[in-house]
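# Chains, contacts and geometry: an overview
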Amino acid sequence: MRHIAIIGSGPAGYYTAEAAQKQWGDDIRVDIFDALPVPYGLIRTGVAPDHQSIKGVSRRYEKTALTDNVRFVGNVAIGKDITIGELQELYDAVVLATGAPNDRQLGIPGEELGNVFGSAAFVGWYNGHPQFAGLAPDLSGKHAVVIGMGNVALDVARIMAKTAEEFAGSDIVGHALDALTSSGIEQITIMGRRGPHQIMMTPKELGELGHLNTASPRVDKSDLPDETEDAFLEPGIRKSVTHLRSFAAIPEDIHAEKPVEVEFDFYANPVALEGEGNVSSVKVERTEVEKGRAIGTGEFYSVPADVVIACIGYRTSPIPDVPFDERAGRFANDEGRILTGLYCVGWARRGPSGTIGTNRPDGYSLIEKIAEDMDAGLLGRIGKAGREGFDALASTRGIDVVTFQDWKKIEEAETAAARDGAPREKFTDIEAMIRAAN
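Residues numbered from 1 in each chain as written. Predicted model: local features only at pLDDT ≥ 70, side-chain atom pairs only at ≥ 80, totals over all residues. Heavy atoms only, no water.

This paragraph deals with the overall build of the protein. If you tally the helices and strands in the protein, you get 16 helices and 19 strands. Relative to its length of 438 residues, the protein is compact, with a C-alpha radius of gyration of 23 Å against a globular reference of 22 Å. Expressed as lengths along the three principal axes of its C-alpha atoms, the size of the protein is roughly 70 × 50 × 40 Å. The buried share of the protein, taken over its 438 residues, is 53%. A total of about 19,000 Å² of accessible surface is found on the protein, and carbon and sulfur atoms cover 49% of it. Put simply, the protein has 45 plus and 65 minus side-chain charges, and the middle of one group is 5 Å from the middle of the other. (Helix = DSSP H or I, 4+ residues; strand = E, 2+ residues; numbered from the N terminus. Rg over C-alpha atoms; globule rule 2.2 N^0.38 Å. Buried < 20%, exposed > 50% of the residue type's maximum accessible area, 1.4 Å probe, protein only. Areas by Shrake-Rupley, 256 points an atom, 1.4 Å probe, with all protein chains shown as cover. Lys, Arg positive; Asp, Glu negative; His and termini not counted. Charge placed at Lys NZ, Arg CZ, Asp CG, Glu CD.)

As C-alpha cells, then:
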C-alpha cells in the first residue's frame, strides 16, 4: 500500500489526491493536512464571496474527500504539531500544496502606515479567514486606492463598490458586510504601472464593473492605444480591452447618476505612500511602456488615499529545511521535485499564476512523476506506516484532528447561521469551529 501526505487542502491538494486515486486505485492512501479545521483553501477564503458559481468546484473535491482512501486531516499545523521530516518518515511521498498565502510587499516608503493592506489580508478579512478576521480596516474616508491590474484588484474594487443588496446570495462574512455597506468611499482608483494592453484582467470579471448599482467605471480615453493595435492582442486580453473602451465611452450624465466612481489610473507607478499615522495619499510617477516594460518619465503626482490595498501578487510561506526560491517566492523545485520524496504542486510549485483549473493538470502531472520515482526505486521501500503511524503520533501528542465528517458538522452550523439569502455565515474563529465540530 502506498501512502502520500499532501499539505494543503485547496484545489492543488485535492486535484493531486484525485490524480493519485486514478493512478493507483485502491492501492493508495492519501492524507490531506491543513492548519485550519476547514478544507478548500482559497475556494473558501480567496474566491470573491459574490462568485458563488466558482466556489461550486468544492463539490468535486468533496466527492474525492468522501472516498475511503482519501482523508482530510484538519487543525494540524506543520512545523508546530508535526515536522516535514517526521511526515517523510511516515509517508512514501510528501507533497506541499500550501499555495501562496503571503502578500508580496510594495517595497516603497510609507508601506508601514496605517490603513495599508495587502490583498491576502484584505480578501481574507471579507472572506472570514481566522487570521484576518480582526483586521478592521477604516473605510470611513472617501478615497480608496487599489494597486494592481489583475483579477484580485478587480475583486477588491468591486467588493468595495457594492451595495448591501448586491451581496444577496454571497457568503461575505457579517463583520465585513456591515463595514463595507456603511463605508464612506466615493472614489476607488485602480492603479497600474503599465497600460491597457498589459492588464491581467479577464473579460468576465472586468465586465462586472459595468453592471454595479451605484458605481460606474471610468477610463481616460487618452490612455487607450490606437484601436488598430488591439488586433495583435491575445483574444482574452482583446475582450478585456474592449470593456475598457466601453468604460471610456460612458457619458458624463451616467457617471453623475452614480455616487461611486471606479477609476483606472494607467501608466502609474506608486513610489511612496504618504501620511502621518494613517495613509492619506499615494505619490505616483507617470510611466510609459517600452517593449512591455514600465519606464519612469520623471513626472510625479499624488492621488488621495484614505485606504490602500496592494494587489501585486503573493508568496509561498517558507518551511524550515525545505529549499526555497526567495526571488520567485515559492519552493525551489524541478518540475515539482524538491528533494527525494518531497514534492510541491500548484502555486507552491509555480508561483501565483493560472486559474483554479490550472491546478488539475498540475496535480495529475505531479502524480505521474511520483509514480515514475516509485517505479524507479528512487523513494526506497514503498509501504511506510502512513496514516496509522500519524494517528499513533497524534495520539501521543494530543493533536486534536478535525476530520471531513467533523467539517460537515461545521458546515451544517454555518448554513444554519446564514442570514436570509446567504449560503452560510462562516465561523471566523478556530475555537468556534472546533466547538461546532464536536
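Let us look at the nonpolar core. One finds M160, I188, I190 and F264 to be the most contacted residues of the largest nonpolar core, which totals 45 residues. At the level of elements, α6 (119-127), β7 (143-147), α7 (151-161), α8 (174-181), β8 (187-191), α10 (235-248), β10 (260-265) and β14 (307-310) are the ones that each hand at least two residues to this core. Considering every element that reaches this core, the biggest residue donor is α7, with seven residues. Residues contacting F264, with those up to four places away along its chain left out, are M149, L154, I190, M201, L206, L209, P217, R218, V219, D223, L244 and F247. If you look at the next biggest cluster of nonpolar residues, it comprises 40 residues, including A19, A65, V70 and F404. (Core = buried A, V, L, I, M, F, W, Y, C linked by side-chain atoms within 4.5 Å. Contact = heavy atoms within 4.5 Å.)

Time to look at the packing of aromatic side chains. The final tally for this structure, using the stated rule, is 15 aromatic pairs. Judged by centre distance (5.8 Å) and plane angle (85°), the ring pair of F324 and F331 falls under edge-to-face. Given the relative accessible area of 18%, F324 is considered buried. An aromatic cluster is defined as three or more aromatic residues linked by ring pairs; in this entry it consists of Y14, Y15, Y40, Y61, F404 and W407. (Phe/Tyr/Trp six-rings, centres within 6.5 Å; stacked < 30°, edge-to-face > 60°.)

What follows concerns the sheet that holds strand β1 (residues 2-7). One open sheet accounts for six strands, arranged β3-β2-β1-β4-β19-β18; its pairing is mixed. A strand with exactly one partner marks an edge of an open sheet, and here the two such strands are β3 (70-74) and β18 (337-339). With direction set aside, neighbouring strand axes in the sheet form an average angle of 25°. (Pairing = 2+ DSSP bridges. Axes fitted to C-alpha atoms, helices over the stretch in contact; angles between N-to-C directions.)

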